[in-house]
Amino acid sequence: MSDSKLMSAREAVNLIEDGCRLFTGGWTVVRKPMGLVYELIRQGKKNLSLISNPGGPEIDLLVGAGCVSLTESNYIGHEVFGHPYSFRRKVEEGPERTGYHHDDWTVQTGALRLLAGAMGLPFMPTLSLKGSDLINPDLDPMRELRGKDPRLPKQKVAFIKDPFWEGEEVTLVPALRPDVCLIHAQEVGEQGTVRLKGGAFLDYYAAMAAKLTIVSAERIVPEDSLRDLPQANTIPAQVVHAIVEMPYGAHPTAVWGFYDNDPWWFKDYLTASKEEEGFGAWLKEWVLDLQNHDEYLAKIGLKRLMSLRADPVLGYNPKIRRRLDKLQEVN
Amino acid sequence: MGLINPAPVVGGNAEKAPCSSLERMVVAASRLLQNGQMVLVGTGLPLVGATLAKHVHAPKMTVVMEAVAFDSKPFALPFCVADARGVYRTPWMPTAVEVMGQFLQNRRIDVGFLGGAQVDKYGNLNSTCMGSYLHPEKRFEGSGGACDIAVLSGKTIIIMVHEKRRFVEQVDYITSPGWKCRDHRTGRLVDRRELGMWGGPSAVVSTMGVMKFDPESHEMYVDEYFADLGVTLGAMKENTGFDIRIDGARPAPPPKAEELEVLRTVVDPEGIFMKY
């Protein structure tokens, strides 16, 4: 047995158990671990409890593919590209019919909940949420599951009077404790040191909070080379358990310095996912009928992949047009 | 004037084209932002308005986005708060722990700039769902950071297309609290200050005009209307889902040629948000 953390996507995703609490890194349509998520769907994972802060196409796909029973997120969507139709459909159908429950949070409280998890604390105080229906006890979508499903805190929030200073009421939010954290990185050392560029979002905190962290990366680099510039590194190797080399592993989301969002993907997916049938056909064609990420990339095609490549200084591709109704074919 | 970086015209929009109501809204909203302010900007139209203000009259405003971009001077329009376009030449890259847990919660944000699907007469915002929350008719993407920004900013500015179904007596779900919002202990609507909250909405900018809130009743009223677009106060009443006060409303100063030109050629030349 080698002690190498390097493995294939199939091997890495094999470590993930049905029913676990799974965090996906990145931010909406930026640096999402899409290749690992496609593999989760291929392996037919079930009953997952998803955490994202915030979620993008990866959550819409997993929810649509029937892999999910719970989501806790501040947002699930594709930004200005269009709406998350699978997520929307399941929520509108209702948990009685789908068995799927979604709970709404906010960017700040999601971040604090991960920070609490990263620090080994059971909860964190916040001054946010007051006045909002997010803490309306009559509107807690997880109410019937609390105290029964061990993946969820026994209540959504709690309140205390500040015992130290002015005595104001403060809201407490429960720690997030993901079993697994999935991150897609620009670079990872062969031992697991992660270098994220163009924004780490909550990925460091989630890796610290999680029991198992799997990192896919655009490229694997010698650990020694990462020690040349330690201040540019984001996550230490000691909390990374599996590494997958996966160029274009966040496609169709954007990876700073590597590639931009793929507007053609979003146009295609959004058109297909408007109806459940179309979503199913899309999923079969682009995920289930393919063996792995290499086949997926081959199907996207070199021309399109090259057309997404980012300017190394700007970090994005200034030629990419982001308005879907005026998109032209790649030529 | 502070043109940060000229960008090529992509859309080929005639500079003399009449101002659209979307453009009019963004120009009016951008004018509410000032040099010296630290502004936390939500995704979508607020990004367009803040970028326009930064280019035209408020180059020394600090634009903060909840994901990562801090004091950003984008060369091209970021279309979300995590977009590399917003990160380019940003002097510092925080996470949401710093931006939302520290800058915002520690009262360092002067203005929160938000959009949404519904707003009510007390400035409560809904970006979560239409109909009942537990069994919605239409589900949206959710709060993002909007709730945090509405609770914790020094004040908030709201930008939203003016339609009867969007300007309602009471929002279906309070994602982001305004002046009279939910008391979690009783379920009733109470003045936000009774909940120990500061801030509150200061203006709502729509495709028809600029609304403000009565200092006593905290109900929304029309402060300015876009007479230059042919908007009348009668039409505003008709397109508002609650009885809105219009006495004392004035025609808003029309957009300047420079504002429209910068919006069309520099800020959103693709028409991603302005839909040319």
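Our structure is the block above this text.
Residues numbered from 1 in each chain as written. Chains lettered and ligands numbered in written order. Predicted model: local features only at pLDDT ≥ 70, side-chain atom pairs only at ≥ 80, totals over all residues. Heavy atoms only, no water.

A. Geometry of helix H11 (residues 293-300) of chain A. All names here are of chain A. For H11, the set of buried residues is His 293, Tyr 296, Leu 297 and Ile 300. Each buried residue of H11 sits inside an arc of 95 degrees when the element is viewed along its axis, so together they form one side. Across H11 from its buried face, at more than 90 degrees, point the exposed residues Asp 294 and Ala 298. Of the surrounding secondary structure, the elements contacted by the buried residues of H11 are helix H2 (34-42), helix H9 (263-273), helix H10 (276-288) and helix H12 (302-307). At the N-terminal boundary of H11, the capping side chain belongs to Asn 292, with an oxygen 3.1 Å from the backbone nitrogen of Asp 294. (Buried < 20%, exposed > 50% of the residue type's maximum accessible area, 1.4 Å probe, protein only. Helix = DSSP H or I, 4+ residues; strand = E, 2+ residues; numbered from the N terminus. Arc of directions from axis to C-beta. Contact = heavy atoms within 4.5 Å. Polar contact = N/O pair within 3.5 Å; in protein donor to acceptor, adjacent residues only side chain to side chain.)

B. Highlighting the state of the cysteines. Residues and elements named next belong to chain B. Evaluated as defined, the whole model comprises 0 disulfides over all chains. Unpaired in terms of disulfides, Cys 129 finds its nearest cysteine sulfur in Cys 147, a separation of 14 Å. Cys 181 takes part in no disulfide bond, and the closest cysteine sulfur, belonging to Cys 147, lies 9.7 Å away. (Disulfide = S-S within 2.5 Å.)

C. Structural view of the side chain of Ser49(A). The residue Ser49(A) is located in strand S2 (residues 48-52) in this model. In contact with Ser49(A), not counting residues within four places along its chain, are Cys20(A), Arg21(A), Leu22(A), Leu70(A) and Arg151(A).

D. Molecular detail of the pattern of salt bridges. For the structure on display, the rule yields 40 salt bridges over all chains. Taking the shortest distance from any N to any O, the salt bridge between Glu39(A) and Arg10(A) comes out at 4.0 Å. Highlighted residues: Glu39(A) in helix H2 and Arg10(A) in helix H1 (residues 9-14), separated in sequence by 29 residues. What makes Arg10(A) partly exposed here is its relative accessible area of 43%. In this structure, Arg85(B) and Asp83(B) form a salt bridge, with 2.8 Å as the shortest nitrogen-oxygen distance. (Salt bridge = Lys/Arg side-chain N within 4 Å of Asp/Glu carboxyl O.)

E. Here's a closer look at helix H1 (residues 21-30) of chain B. Residues and elements named next belong to chain B. In terms of burial, H1 is a largely internal element, 9 of the 10 residues being buried. For H1, the set of buried residues is Leu 22, Glu 23, Arg 24, Met 25, Val 26, Val 27, Ala 28, Ala 29 and Ser 30. Close packing links the buried residues of H1 with helix H2 (45-56), strand S3 (111-114), strand S8 (155-159), strand S12 (201-205), strand S13 (209-213) and helix H7 (257-267).

F. Highlighting the interface of chain B and chain A. Each side of the interface is counted separately: chain B has 62 residues, and chain A has 66 residues. Of all residues in chain B, Arg139(B), Glu141(B) and His184(B) bury the most surface against chain A, accounting for 16% of the area lost on that side. Remark: the boundary between chain B and chain A carries 6 salt bridges. For Glu270(B), the salt bridge identified is with Arg322(A), shortest N-O distance 3.5 Å. Taken together, chain B and chain A are joined by 38 residue pairs in polar contact (both at pLDDT 80 or more). Those elements that provide at least two residues to the side of chain B that touches chain A are helix H3 (84-87), helix H4 (96-104), strand S7 (136-139), helix H5 (146-152) and strand S10 (180-182) of chain B. Considered class by class, the residues forming the side of chain B that touches chain A number 35 nonpolar, 14 polar and 13 charged. (Buried area = accessible area lost by both parts, 1.4 Å probe. Nonpolar A, V, L, I, M, F, W, Y, C, P; charged D, E, K, R; others polar.)

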